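Residues per chain are reported as follows:
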Amino acid sequence: MDAVADARQFLIDCLVARRRPELLATLAEQIAAQAPDWDAVGALALSERVAPLLYYSTRRHHLLPDELLHRCHKAYTETGLLNALRLNELAGLLAALATGGIDVILLKGVALAERVYSNIALRPMVDIDLLVRKANVCQALALLQDAGYRFEGPEISPDAALEFENEILLRKRDRSGWVIELHWSLFDSPYYQERLPEGTLWETAESVAFEGSTACALSPEHELLHLCGHLALHHRGVGLLWWNDIADLITCDADRLDWDRLLTEAEALNLIMPLQAVLPEAAERWAAPVPPDVLYRLAALVPRPDEARVYHQLTAGHRPPARRLLSDLSEIPGWGARLRFLFRNLFPSAAYMDERYGISRPWLRPFYYLRRWLVGLGGLLSAGSNRPS
């Protein structure tokens, strides 16, 4: 193994030991025999945002050098402070949204920090992920704007995000710079936006108390489907923190996860392949308590051809923008919607073009449209020529 791969495995072993303390003695023996490259361990722990977890797992067992333990303790303390402030901000937003009659489902970090990790200092967040019904997006945006949040950059064209995306990014215009990702669908692929029934998510959502306010969380089965899909489809299986989220969620909900329902939902929602990509490794490498019979039944499931096609498109190593555009275009139902999608991407708004390309003079804009088309066409032709025959 090279130093980075060795450091990655060491971090995984440490994070697993937080849930299985009996493994700490084995880790101590491994370090005594051959210590990992501590610089690589520290750099990876910080870049992968698992330094707070590394500190918490090892703090009483003298496994880390003092300097690295200090850096991880600093990350742990800063994460706890920032998350306390972030969750206090969220409590006010949830109260405002509830007053406006808007139901909210908490996603990812804000859904896991307290309920699954039981310690908000363990789960770093870069933003607050909230899910609302699509019919409530405009009202939710208005309430968030009243609270000081603004769009992070211009849309490619007015209302394009609401029609073709699954989220809008908002940033608070003050010193905090808090970021909210307002979702109305769980995945950014048009294929899944059309196939994930909104009603099912809300009918099975669970009410949770939150800082004196109320919100909802996804059912354990939908939470696990979302986390596996997010890791596999959006990040191609890369991200130690997201792997740990899944292992901790399965451990936390081991007694109430309905595995039959999970597999049934995976088939119905065409999310078999993300589960097949994630759950076996979560069980083997991350010691997540997935029942062996579930892994056997999961391996026997056969994805539909359209799921397999979309999965391979989304998880391809490098997809030029033009290739992504064509993939999304092929999954949008109806020629009217496809033409609107294509037009908006070929002729983005002037505000989008000016910010995206740093255009300082309006008369230059037509040349940047031409450049956009030529670069896209070049990427498309290059991708086509590199495809295996």
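Preceding block: the structure.
Residues numbered from 1 in each chain as written. Predicted model: local features only at pLDDT ≥ 70, side-chain atom pairs only at ≥ 80, totals over all residues. Heavy atoms only, no water.

Draft legend 1. How the structure looks around the side chain of N119. Along the polypeptide, N119 turns up in the loop between α6 (108-112) and β2 (128-131). On the basis of relative accessibility, which here comes to 18%, the residue N119 falls in the buried class. In terms of polar contacts, N119 uses its side chain to reach the backbone amide nitrogen of A121, at 2.9 Å. The contacts of N119, once residues within four sequence positions are left out, are Y56, Y76 and A113. (Helix = DSSP H or I, 4+ residues; strand = E, 2+ residues; numbered from the N terminus. Buried < 20%, exposed > 50% of the residue type's maximum accessible area, 1.4 Å probe, protein only. Polar contact = N/O pair within 3.5 Å; in protein donor to acceptor, adjacent residues only side chain to side chain. Contact = heavy atoms within 4.5 Å.)

Draft legend 2. Structural detail: unusual backbone geometry. In this model, R49 sits at a positive phi of 65 degrees, which is unusual for a non-glycine residue. Checked against the element boundaries, R49 lands in the loop between α3 (38-47) and α4 (51-58). One non-glycine residue, R236, lies in the positive phi region at around 50 degrees. Topologically, R236 is positioned in the loop between α11 (220-235) and α12 (240-252).

Draft legend 3. Structural view of the side chain of R365. The residue R365 is located in helix α20 (residues 365-385) in this model. Within the local environment of R365, its side chain forms a polar contact with the side chain of D354, the two groups lying 3.0 Å apart.

Draft legend 4. Summary view of a nonpolar patch on the surface. A surface patch of nonpolar side chains, about 570 Å² in accessible area, is lined by F343, L346, F347, L370, W373 and L374. Where the nonpolar patch is concerned, the elements lending two or more residues are α18 (335-346) and α20. Residue contributions to the nonpolar patch peak at 3 residues, all from α20. (Patch = residues over 30% accessible without salt bridge, like charges linked within 9 Å, V, L, I, M, F, W, Y side chains within 5 Å. Areas by Shrake-Rupley, 256 points an atom, 1.4 Å probe, with all protein chains shown as cover. Salt bridge = Lys/Arg side-chain N within 4 Å of Asp/Glu carboxyl O.)

Draft legend 5. Expanded view of the pairing of strand β5 (residues 179-183). Extensive coverage of β5 is indicated by the burial of 5 of its 5 residues. Covered by surrounding structure in β5 are V179, E181 and H183 together with I180 and L182, the residues of both alternating faces. Pairing of β2 with β5 involves 4 bridges; the strand directions are parallel. Bridge pairing in β5 links D129 to E181. Here strand β4 (residues 167-172) runs beside β5; their pairing, made up of 5 bridges, is antiparallel. Along β5, the bridge assignment pairs L170 with I180. Counted along the chain from β4 to the antiparallel partner β5, the turn is 6 residues long, and its residue G177 has a positive phi close to 65 degrees. (Pairing = 2+ DSSP bridges.)

Draft legend 6. Geometry of the pairing of β2. Of the two faces of β2, the one lined by I128 and L130 and the one lined by D129 and L131 are each fully buried. Of the pairings in the sheet, the one linking strand β1 (residues 105-107) to β2 comprises 3 bridges and is antiparallel in character. Within the sheet, the bridge partner assigned to L106 lies in β2 and is L130.

Draft legend 7. Just the packing of aromatic side chains, in detail. Counted by the stated rule, this structure contains 11 aromatic pairs. Between F343 and F347, the ring centres sit 5.0 Å apart and the planes meet at 35 degrees, which makes this aromatic pair tilted. Take F347: its relative accessible area is 39%, and that puts it in the partly exposed class. Ring centres of Y369 and W373 lie 6.4 Å apart, and the angle between their planes is 40 degrees; on these two criteria the pair is classed as tilted. Separated by 4 residues within a single helix, Y369 and W373 lie in helix α20, roughly one turn from each other. According to the relative accessible area criterion, Y369 is buried, its value standing at 14%. For W373, a relative accessible area of 34% translates into the label partly exposed. An aromatic cluster is defined as three or more aromatic residues linked by ring pairs; in this entry it consists of F343, F347, Y369 and W373. Its guanidinium or amino end placed over the ring of Y357, R356 lies 4.9 Å from that ring's centre, counting from NZ or CZ. (Phe/Tyr/Trp six-rings, centres within 6.5 Å; stacked < 30°, edge-to-face > 60°. Lys NZ or Arg CZ within 6 Å of the ring centre and 35° of its normal.)

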